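Structural overview for review
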Amino acid sequence: MAPNWKRAIIVGASGGIGEQIARKLASGGCRVALVGRREDKLRQIAVDINGVSLNLALPFPSDVRDFDAPAAKVEECVRALGGLDLVVYSAGVMPRIGPTEYETAKDRLIVETNLIGAMAWLNPVAKRFERAGGGTIVGIGSVSGDRGRRGNPAYSASKAGLECYLESLRNRLGRRGVSVVTVKPGPVETEMTRELGRLPGMIPAGRAADLILKAARKFGKTAYIPGRWWLASKIMLSIPSRIFRRLPL
Amino acid sequence: MPPDPPSRPPAELLERVEAWGMTSASVAYVYRPSTLLGLDEAFETARRFAMKVALKGGGNSYGDAFQCAEGVVLDLTRMNRILAWDPAAGVIRCEPGVTIDQLWRYTLGDGWWPPVVPGTAHVTLGGALAANIHGKNNFKAGPIGEHILSFELMTPNGRLLTCSPAENADVFYAAIGGFGLLGVIVCIQLQMKRIYSGLLNIEAVYVANWKEAFAAFEKREAGADYVVGWIDCFASDSKAGRGLIHAARYLQPEEDAHPEESLNVGAQELPDTVLRYVARSKLHRVMKRFLNRPGMRFINRMKCRAARKEHGKRYREPLAKFNFLLDSAPNWKFAYMPGGLIQYQCFIPKDNAQSVFERIITLSQERGIVPYLAVMKRHRPDPFLLSHAVDGYSLALDYKVTRKNRERVWSLAHAMDEIVLEGGGRFYLAKDSTLTSSAFEQSLTAQAVQATQETPTHQTTPTTRTIQTFLQLKRRLDPESLLQSELSKRLFGPLEPTSARTQPPPAERAEQPERPPHVEPSQDFELPEPFWAEEGERPPDEDKLKENPQHER
């Protein structure tokens, strides 16, 4: 039976896919806790969603790199929402990395935001859902995580790590009725990708949000967004390493 | 700097609490106390974290009566001790977690049977009182509340109140059927029914339509102790209302040549298999194959055919087999997975019953959502405040819920509510999943008028403001409005505290993990000795409780 989400936490809701997911959920009557670093942006989105009379969106400013915060923050969100049915971890960064750049500080930022932050937020959520015997966790991976691309090593590694972490959660929690979904979007028009320019197959963030929620409702394990990236990924995975390294990816 | 106080109780207490009908679920911090101190600890936790508390017995309410989303659920099944039994007088004193199953097994050998039992033996006595359950003998014996000699109610602030028809009568008549919103019933004294055999004399009657069904009930209600009817809801037009009615009566002294045999618990047990080969515990898997419209149409038709052959037969059957029909297929609700089921039970005054039953079955058929099971019973009024009974009949209808039909089922239920209210009917909250606050209020208004006219001796029945009377009583017993379930929120709305208990502000309270277990008596009620003190037992070691906070969970 498709889940009827009434209360959701969106981590990384101050822009991009997270913001769009929050808006889509709220338009269906779901109460959303907006978690993000930029407090002013969160408040603006909440005001936008709530209008004059609604109280669907609640801002919870928090930096995902503050790894001690989530345990208490999740409880705070749950209390404010009156429960929890869905958590979407959509926080992510992809700073521009030059072809000959090896900058540990940037790599650390990427891994901490995309992977360690996800673990810090999803661990207390997993514990709660395991006890509750239900719930949905959605993590935003990337097609970049399928292969080690030369363009942005840390980003690919962080997304591959996230996918593996989510698969482990799924294997742990599946028998308890918890659905863990990894979505792997192709290029999506967000602030993160703005400086990369128009990429082939790029879709608007609103469309990506629709497809992600649709995939999550189907209890899918891993979903490519949009679906054609499944084929592209299979082709990419079948390319021998010695050829893959020559491709401009 | 000391760590921040926790904002929630330990996550280890979190559990999914699902309606028996599987149509709703919520997450709550579940406490399973076995003593009064444990109850007090759970209330204190709720206070500390500004949560609400719902009470749960066997968890057999079809809807959300024992749910409290993100709050505390007090599961009372560990308070299941039988405290005293007088086999000469048939009076038993027990804790609220004692089940009907436990009860009849304990007393049967002495020739006593619970005076009122529902269709399953797995309900707890506390839950039975909270819902004021009825049985197939409601027209004769009334609800279980009429057989309660007294009970002790623990209010959320720790006071114990003895209630009986003579003492604290207003609380007695409101807490029975009050769905655990006034306090926790911690000790119950019940008058059992004397029986002279473990068997019942049964008569089976096939009825071809509604008219015959009502006539069969009327004809047998004077001489029978139990009457129950099964109705085929797939039948329409002239066949509408066809079904099978069973009338049963207790055996009189000397009627059973070997009462010692039938009064043996073993003689009441059902065999483990059906048709020799199908394990009873797996029966729901077989049922699942037929739980669709064509399947159930076929089953109903076959049952009618069998009923015609059974017509006029008289036989004897063990009490447990006749009464606990729902237990004959353990976990039968799983056949309704994954969407679950709701039961819609309405109580209609006898003059309107036939037309209302005809209308709601016809409406169900027109909307394409036919109940798979329908059970008809005869009732009489009772003096309880939130009573569901009328001088008339009830019809309980099981509807399968699926992802696709869920909204349509709810819409049908609301449409049926209107028909029921037009007929002066009422609803039974233990079965309810769909009722709105306005429909509930309307049904009780009709009830109050009727109750004052028909039971003038009942001192506590108010005029037409039943809900206000109940809520006034609640404000007196639970001024913090701690006891609230999802059912109460649905029917009364969220209840605000009228006064906070004298205690430190929340920030300070959070830093005080231990609360002195001693409870001061108030001016309103005198605090008697806890019942475990009367029994000569020592109270739980409070120091141990402090050392091991998990003890009571």
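Small disclaimer: the values here were computed from a predicted structure and weren't measured.

Before going further, it helps to spend a moment on the sheet that holds strand β5 (residues 82-86) of chain B. Residue and element names in this part refer to chain B. One open sheet accounts for five strands, arranged β5-β6-β10-β8-β9; its pairing is antiparallel. Because the sheet does not close on itself, it has two edges, and the strands there are β5 and β9 (160-163). Pairs of neighbouring strands in the sheet enclose a mean axial angle of 10°, with direction left out of account.

All names here are of chain B. Per the counting criterion, the structure on display carries 38 salt bridges over all chains. R32 is the salt-bridge partner of D75, the closest N and O atoms lying 3.3 Å from each other. In this pair, D75 sits in strand β4 (residues 72-75) while R32 sits in the loop between β2 (25-31) and α1 (36-48), placing the two residues 43 residues apart along the sequence. With a relative accessible area of 26%, R32 lands in the partly exposed category. Here E269 makes a salt bridge to R105, at a shortest N to O gap of 2.7 Å. Taken together, the positions of E269 in the loop between α8 (265-268) and β15 (273-274) and R105 in helix α2 (residues 100-107) put the pair 164 residues apart, joining distant regions of the chain. When its relative accessible area of 41% is taken as the criterion, E269 is described as partly exposed.

Let us now look at helix α1 (residues 16-27) of chain A. Residues and elements named next belong to chain A. Compared with an ideal rise of 1.5 Å per residue, which puts twelve residues at 16 Å, α1 spans 17 Å between its outermost C-alpha atoms and is within 8% of the ideal. Within the sequence span of α1, burial applies to G16, I17, G18, E19, I21, A22, L25 and A26. Just downstream of α1 lies G29, where phi reads positive at about 95°.

This next bit is on empty space enclosed by the protein. Residue and element names in this part refer to chain B. In the structure shown here, the tally under the stated rule is six cavities of 30 Å³ or more. Lining the largest cavity are 13 residues, with L386, S387, H388, F427 and F440 sitting closest to its centre. Counting only elements with at least two residues in the lining of the largest cavity, the list comes to β21 (426-427) and α14 (437-454). In terms of residues, the lining of the largest cavity owes the most to one element, α14, which gives four residues. Its volume calculated, the second largest cavity comes out at about 60 Å³. Lining the second largest cavity, in full, are G178, F179, L181, L386, L429, S485, L487, S488, L491 and F492. Here the lining of the second largest cavity is composed, by residue class, of seven nonpolar, three polar and no charged.

All names here are of chain B. Pairing within the open sheet is mixed, and its four strands lie in the order β1-β2-β4-β3. Looking at the sheet topology across the chains shown, the edges are occupied by β1 (14-18) and β3 (53-56). Between one strand axis and the next, the sheet turns by 45° as a mean value, whatever way the strands run. Examined bridge by bridge, β1 and β2 share five bridges and lie antiparallel to one another. In the sheet register, E15 faces β2, and the bridge partner there is A28.

This part covers the packing of helix α3 (residues 70-81) of chain A against helix α4 (residues 104-132) of chain A. Residue and element names in this part refer to chain A. As a packed pair, α3 and α4 sit with axes 8 Å apart at the nearest point and diverge in direction by 55°. Classified by the angle their axes make, α3 and α4 are oblique. Here α3 runs over α4; the crossing is right-handed. Side by side, α3 and α4 meet where P70, A71, K73, V74 and V78 of the first sit next to A120, W121, P124, V125 and R128 of the second. Across the contact of α3 with α4, the residue classes tally to eight nonpolar, no polar and two charged.

Overall, the coordinates contain 24 aromatic pairs over all chains when judged by the stated rule. Arranged with centres 6.1 Å apart and planes meeting at 40°, the rings of W210 of chain B and F214 of chain B form a pair that is tilted. Note that W210 of chain B and F214 of chain B are positioned in helix α6 (residues 210-220) at a spacing of four residues, about one turn of the helix. Relative to Y393 of chain B, the ring of F214 of chain B lies with its centre 4.7 Å away and its plane at 80°, an arrangement referred to as edge-to-face. Here F214 of chain B is found in helix α6, whereas its partner Y393 of chain B is found in strand β20 (residues 392-400), with 179 residues between them in sequence. Across the pair, Y393 of chain B and F214 of chain B agree in class, each one buried. Through a chain of ring-to-ring contacts, the aromatic side chains of W20, Y62, F234, W332, Y336 and Y372 of chain B assemble into a single cluster. Between R147 of chain A and the ring centre of F244 of chain A, over which it is positioned, the NZ or CZ distance is 4.2 Å. A cation over a ring is seen here: K136 of chain B above F322 of chain B, with NZ or CZ 6.0 Å from the ring centre.

Here we take up the packing of α1 of chain A against helix α2 (residues 39-50) of chain A. All names here are of chain A. Between α1 and α2, whose axes approach to 11 Å, the crossing angle comes to 25°. Considering the angle they form, α1 stands roughly parallel to α2. Considering how the two elements wind past one another, α1 and α2 form a crossing that is right-handed. Here E19, A22, R23 and A26 of α1 lie close against α2, whose contacting residues are K41, I45, D48 and I49. Partitioning the contact of α1 with α2 into residue classes produces four nonpolar, no polar and four charged.

It is worth spelling out the interface of chain A and chain B at this point. Facing the 13 residues of chain A at the interface are 17 residues of chain B. Each partner contributes to the roughly 1,300 Å² buried at the junction of chain A and chain B, and carbon and sulfur atoms together form 52% of this total. Linking chain A to chain B there are two salt bridges. Taking the shortest distance from any N to any O, the salt bridge between E12 of chain B and K127 of chain A comes out at 3.2 Å. Across the chain A-chain B interface, the total number found is five residue pairs in polar contact (both at pLDDT 80 or more). If you tally residues by element for the side of chain A that touches chain B, the top one is α4 of chain A, at four residues. Across the side of chain A that touches chain B, the residue classes break down as five nonpolar, three polar and five charged.

Residues and elements named next belong to chain B. Residues V286, F290, F298, I299 and M302 make up a contiguous nonpolar surface patch of roughly 390 Å² in combined accessible area. Listing elements by their share of the nonpolar patch, those giving two or more residues are α9 (283-290) and α10 (293-310). No other element matches α10, which puts three residues into the nonpolar patch. Structurally, the position occupied by I299 is in helix α10.

Turning next to the environment of Y173 of chain B. Residue and element names in this part refer to chain B. Mapped onto the fold, Y173 is located in helix α5 (residues 169-175). Of the residues examined, Y173 reaches a relative accessible area of 15% and is grouped as buried. Through-space distance from the C-alpha of Y173 to that of P383 is 7.1 Å; in sequence the pair is 210 residues apart.

Residues and elements named next belong to chain B. Here chain B shows a mean pLDDT of 86. Residues at 70 or above account for 85%. Between residues 451-464, whose pLDDT stays under 50, and residues either more than four places distant or in other chains, the model counts 22 contacts. Across residues 502-553, confidence stays below pLDDT 50; counting only partners more than four residues off in sequence or on other chains, it has 74 contacts.

Calculation rules
Residues numbered from 1 in each chain as written. Chains lettered and ligands numbered in written order. Predicted model: local features only at pLDDT ≥ 70, side-chain atom pairs only at ≥ 80, totals over all residues. Heavy atoms only, no water. Pairing = 2+ DSSP bridges. Helix = DSSP H or I, 4+ residues; strand = E, 2+ residues; numbered from the N terminus. Axes fitted to C-alpha atoms, helices over the stretch in contact; angles between N-to-C directions. Salt bridge = Lys/Arg side-chain N within 4 Å of Asp/Glu carboxyl O. Buried < 20%, exposed > 50% of the residue type's maximum accessible area, 1.4 Å probe, protein only. Expected span 1.5 Å × (residues − 1). 1 Å grid on protein atoms, 1.4 Å probe; cavity = no way out; pocket = protein on both sides within 12 Å on 5 of 7 lines; lining within 4 Å. Points joined across faces, edges and corners; volume = space filled by probe spheres on them. Nonpolar A, V, L, I, M, F, W, Y, C, P; charged D, E, K, R; others polar. Parallel < 35°, antiparallel > 145°, perpendicular 65-115°, else oblique. Left-handed = near helix turned anticlockwise from the far one by under 90°. Contact = heavy atoms within 4.5 Å. Phe/Tyr/Trp six-rings, centres within 6.5 Å; stacked < 30°, edge-to-face > 60°. Lys NZ or Arg CZ within 6 Å of the ring centre and 35° of its normal. Buried area = accessible area lost by both parts, 1.4 Å probe. Polar contact = N/O pair within 3.5 Å; in protein donor to acceptor, adjacent residues only side chain to side chain. Patch = residues over 30% accessible without salt bridge, like charges linked within 9 Å, V, L, I, M, F, W, Y side chains within 5 Å. Areas by Shrake-Rupley, 256 points an atom, 1.4 Å probe, with all protein chains shown as cover. pLDDT = per-residue confidence, 0-100.

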